[in-house]
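Observations on the model geometry
Read off the chains here:
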Amino acid sequence: MTLDQLTHFLAWCTLINIALLLFSTVCLYAFSEQVRKIHSKLFDIDENKLPGIYFKYLAAYKILIIVFNLVPYIALRIIA
């Protein structure tokens, strides 16, 4: 795999992951009541604790996208 191919791969990974993050965020906020009911029954968690859990999930996912997709992509763009 060449540096050019790896750069394109990371660009697409970043784009797809950011799209999934945005989709998750929109779904969690647009359908928050329905999603909280489902998750509270499914995982036996109090509905009042779920917004904090969702926030931690979205924050962790964003950090992982930055660390494992965006930063390597930018580094490859700099050296290529």
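Coordinates for the structure precede this section.
Residues numbered from 1 in each chain as written. Predicted model: local features only at pLDDT ≥ 70, side-chain atom pairs only at ≥ 80, totals over all residues. Heavy atoms only, no water.

**Observations concerning the overall build of the chain**
Applicable threshold: Strands are runs of DSSP state E lasting at least two residues, helices are runs of H or I lasting at least four, and both sets are numbered from the N terminus onward. Taken over C-alpha atoms, the radius of gyration is set against a globule rule of 2.2 Å times the number of residues to the power 0.38. Buried means the residue's accessible area, taken with a 1.4 Å probe over protein chains only, is under 20% of the maximum for its type, while exposed means over 50%, and partly exposed covers the values in between. Residues are treated as being in contact if the distance between any of their heavy atoms lies within 4.5 Å. All accessible-area figures derive from a Shrake-Rupley calculation using a 1.4 Å probe, and residue coverage is judged against the displayed protein chains alone.
The helix and strand inventory of the chain stands at three helices and zero strands. Secondary structure elements of the chain, listed N to C terminal, follow the sequence α-α-α. Taken over the C-alpha trace, the chain has a radius of gyration of 17 Å; the compact-globule value for 80 residues is 12 Å, which it surpasses by more than 25%. In terms of its C-alpha atoms, the chain occupies a principal-axis envelope of roughly 50 × 20 × 15 Å. Here the chain holds 80 residues, and the buried ones make up 21% of them. Residue pairs in contact within the chain that sit at least 24 positions apart in sequence constitute 69% of those at least 6 positions apart. Just so you have it, the chain exposes about 6200 Å², and 72% of that area is on carbon and sulfur atoms.

**Concerning the pattern of salt bridges**
Note on pairing: side chains with opposite charge can pair once their charged atoms come close. Short version of the rule: Salt bridge, as applied in this entry: a Lys or Arg side-chain nitrogen positioned within 4 Å of an Asp or Glu carboxyl oxygen.
Under the counting rule described, the total for this entry stands at one salt bridge. The shortest N-O distance in the salt bridge between Lys37 and Glu33 comes to 3.5 Å. Taken together, the positions of Lys37 and Glu33, both in helix 2 (residues 32–43) and four residues apart, correspond to about one turn of that helix. Overall, Lys37 belongs to the partly exposed group, its relative accessible area being 39%.

**As for the packing of aromatic side chains**
Here is the rule: For Phe, Tyr and Trp, rings pair up if their centres lie within 6.5 Å, where Trp contributes its six-membered ring, and each pair is then called stacked (planes under 30 degrees apart), edge-to-face (over 60) or tilted (otherwise).
Per the counting criterion, the structure on display carries one aromatic pair. On the basis of an interplanar angle of 5° and a centroid distance of 6.3 Å, the ring pair of Tyr57 and Tyr61 is categorised as stacked. You can see Tyr57 and its partner Tyr61 sitting in helix 3 (residues 50–79), four residues apart, about one turn around the helix. With a relative accessible area of 40%, Tyr57 lands in the partly exposed category.

**A few points about the environment of His39**
As for its position among the elements, His39 is in helix 2. The contact partners of His39, leaving out residues within four places of it in the chain, are Asp44, Leu50 and Tyr54.

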